[in-house]
Amino acid sequence: QVQLVESGGGLVQAGGSLRLSCAASGRTFSRYVVGWFRQAPGKEREFVAAISQSGTSTYYANSGKGRFTISRDNAKNTVYLQMNSLKPEDTAVYYCAADLRFEATAGAYDYWGQGTQVTVSS
């Protein structure tokens, strides 16, 4: 019952920054944990970051720790992923996903957006 739409992807040079947005529909958005995942060509979808319902608790994969920041604005039904110091290996389609409980596994999330492409050139 939650629809998610990602935006903000694009082409950047290594060392640059992007802020991805995940806009959600529905009245119960604040009840959902939201995670970001990414999938590069030929690779499995991997966890990037997640944020609790209130936004007070966050979790990051080692790949983005220290460079990525997840946040949310429940009044706007939006979750953000700020990505700094981007590397070519960050190139992937980035997806946001929602679930009622915290998970770092893609298969545990019930709702997914369509993805937004992030390409980092060297």
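See the structure above.
As the structure is a computational prediction, the values presented were derived from the model and not from experiment. (Residues numbered from 1 in each chain as written. Predicted model: local features only at pLDDT ≥ 70, side-chain atom pairs only at ≥ 80, totals over all residues. Heavy atoms only, no water.)

Another point: the state of the cysteines. In the structure shown here, the tally under the stated rule is 1 disulfide. Covalent S-S linkage joins Cys22 and Cys96, the inter-sulfur distance amounting to 2.0 Å. Negative torsions about the S-S bond denote left-handed disulfides, and the value of about 70 degrees found for Cys22 with Cys96 makes this one right-handed. Here Cys22, found in strand S3 (residues 18-24), pairs with Cys96, found in strand S9 (residues 92-99); they are 74 residues apart in sequence, far enough to count as distant. Comparing Cys22 with Cys96 shows no difference in burial state: the two are buried. (Disulfide = S-S within 2.5 Å. Helix = DSSP H or I, 4+ residues; strand = E, 2+ residues; numbered from the N terminus. Buried < 20%, exposed > 50% of the residue type's maximum accessible area, 1.4 Å probe, protein only.)

Next up on the list: unusual backbone geometry. Residues other than glycine seldom take positive phi values, yet Asn77 does so here, at roughly 55 degrees. Tracing the backbone through its elements, the reader meets Asn77 in the loop between strand S7 (68-73) and strand S8 (78-83). Here Ser85, not a glycine, exhibits a phi torsion of approximately 50 degrees, which is positive.

Further remarks concern the environment of Glu89. Of note, Glu89 is situated in the loop between S8 and S9. For Glu89, a relative accessible area of 55% gives the class exposed. Each C-alpha atom of the pair Glu89 and Ala40 lies 8.6 Å from the other, and the pair is 49 residues apart in sequence.

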